[in-house]
Amino acid sequence: MPAWLPHIDSSVVLDGLTSLLLLLSLLILRTLIVRAIAKNPTLSMEAKRRWVVSARNTMVFVLLVGLVVIWAHELQAFAVSLVALAAALVLATKELILC
């Protein structure tokens with residue numbers, strides 16, 4: 001690996017690929033569902049519209065939950081960093097007030 005390229009942890013690359021795979025699979029699934037709804041002659045136009053919106057909202061929810069599950073360990077590390085920063089700010093402010 002060239003020296004000018006940053007070192008990227010393999011777990012981050014794996015999480016990125018998993019996220020991309022989740023997104024592509026949900027897009028394909030949504031397309032298939034929308035086509036099935038559109039070809040159904042027994043549904044009215046309003047019912048088709050409601051089903052399509054419901055399918056889209058469900059896919060967005062599944063995507064968000066999936067991304068949180070995939071990136072949970074990175075999010076936890078970020079949260080710990082924020083807590084450490086907040087504690088440092090509290091201690092620094094306390095010292096500044098005591099001066």
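Residues numbered from 1 in each chain as written. Predicted model: local features only at pLDDT ≥ 70, side-chain atom pairs only at ≥ 80, totals over all residues. Heavy atoms only, no water.

Caption draft 1: Layout of the overall build of the chain. Looking only at helices and strands, one finds three helices and zero strands in the chain. Taken from the N to the C terminus, the helices and strands of the chain come in the order α-α-α. When each of the 99 residues of the chain is scored for burial, the buried share is 12%. Counting contacts in the chain only where the partners sit at least 6 residues apart, residues at least 24 apart contribute 71% of the total. Surface exposure of the chain reaches about 8000 Å², of which carbon and sulfur atoms provide 76%. On the chain, the mean spot of the 8 positive side-chain charges and the mean spot of the 5 negative ones are 26 Å from each other. (Helix = DSSP H or I, 4+ residues; strand = E, 2+ residues; numbered from the N terminus. Buried < 20%, exposed > 50% of the residue type's maximum accessible area, 1.4 Å probe, protein only. Contact = heavy atoms within 4.5 Å. Areas by Shrake-Rupley, 256 points an atom, 1.4 Å probe, with all protein chains shown as cover. Lys, Arg positive; Asp, Glu negative; His and termini not counted. Charge placed at Lys NZ, Arg CZ, Asp CG, Glu CD.)

Caption draft 2: Fine view of the side chain of Ser19. Its place among the elements puts Ser19 in helix H1 (residues 10-38). Within the structure, the side chain of Ser19 is placed 2.7 Å from the side chain of Trp71, a separation counted as a polar contact. (Polar contact = N/O pair within 3.5 Å; in protein donor to acceptor, adjacent residues only side chain to side chain.)

Caption draft 3: How the structure looks around helix H2 (residues 45-70). A rise of 1.5 Å per residue sets the reference length of H2, with its 26 residues, at 38 Å; its end C-alpha atoms lie 37 Å apart and thus fit the reference within 8%. Of all the residues in H2, the buried ones are Ala47, Lys48, Ala55, Met59, Leu63, Gly66 and Ile70. Here the buried face of H2 lies against H1 and helix H3 (72-98). (Expected span 1.5 Å × (residues − 1).)

Caption draft 4: Up close: the packing of H1 against H2. In the contact formed by H1 and H2, the axes pass within 10 Å of each other and the chain directions differ by 170°. Taken together, the axes of H1 and H2 lie roughly antiparallel to each other. Two packed elements cross with a definite hand, and for H1 against H2 that hand is right-handed. Note on element contacts: H2 touches H1 through Lys48, Trp51, Val52, Ala55, Arg56, Met59, Val62, Leu63, Gly66, Leu67 and Ile70, opposite Asp15, Thr18, Ser19, Leu22, Leu23, Leu26, Leu29, Arg30, Ile33, Val34, Ile37 and Ala38. The residue inventory of the contact of H1 with H2, partitioned by class, reads 16 nonpolar, three polar and four charged. (Axes fitted to C-alpha atoms, helices over the stretch in contact; angles between N-to-C directions. Parallel < 35°, antiparallel > 145°, perpendicular 65-115°, else oblique. Left-handed = near helix turned anticlockwise from the far one by under 90°. Nonpolar A, V, L, I, M, F, W, Y, C, P; charged D, E, K, R; others polar.)

Caption draft 5: Representation of the environment of Val53 in the model. Relative to the helices and strands, Val53 is located in helix H2. Considering only alpha carbons, one finds Val53 and Leu98, 45 residues apart in sequence, at a separation of 58 Å.

Caption draft 6: Fine view of the pattern of salt bridges. Applying the stated criterion across every chain yields a total of one salt bridge. One salt bridge connects Arg49 with Glu46, and the closest N-O pair in it is separated by 3.0 Å. Of the two residues, Arg49 and Glu46 are both situated in helix H2; the distance of three residues between them amounts to about one turn of the helix. A residue is classified by how much of its surface remains accessible, and Glu46, at 42% relative accessible area, is partly exposed. (Salt bridge = Lys/Arg side-chain N within 4 Å of Asp/Glu carboxyl O.)

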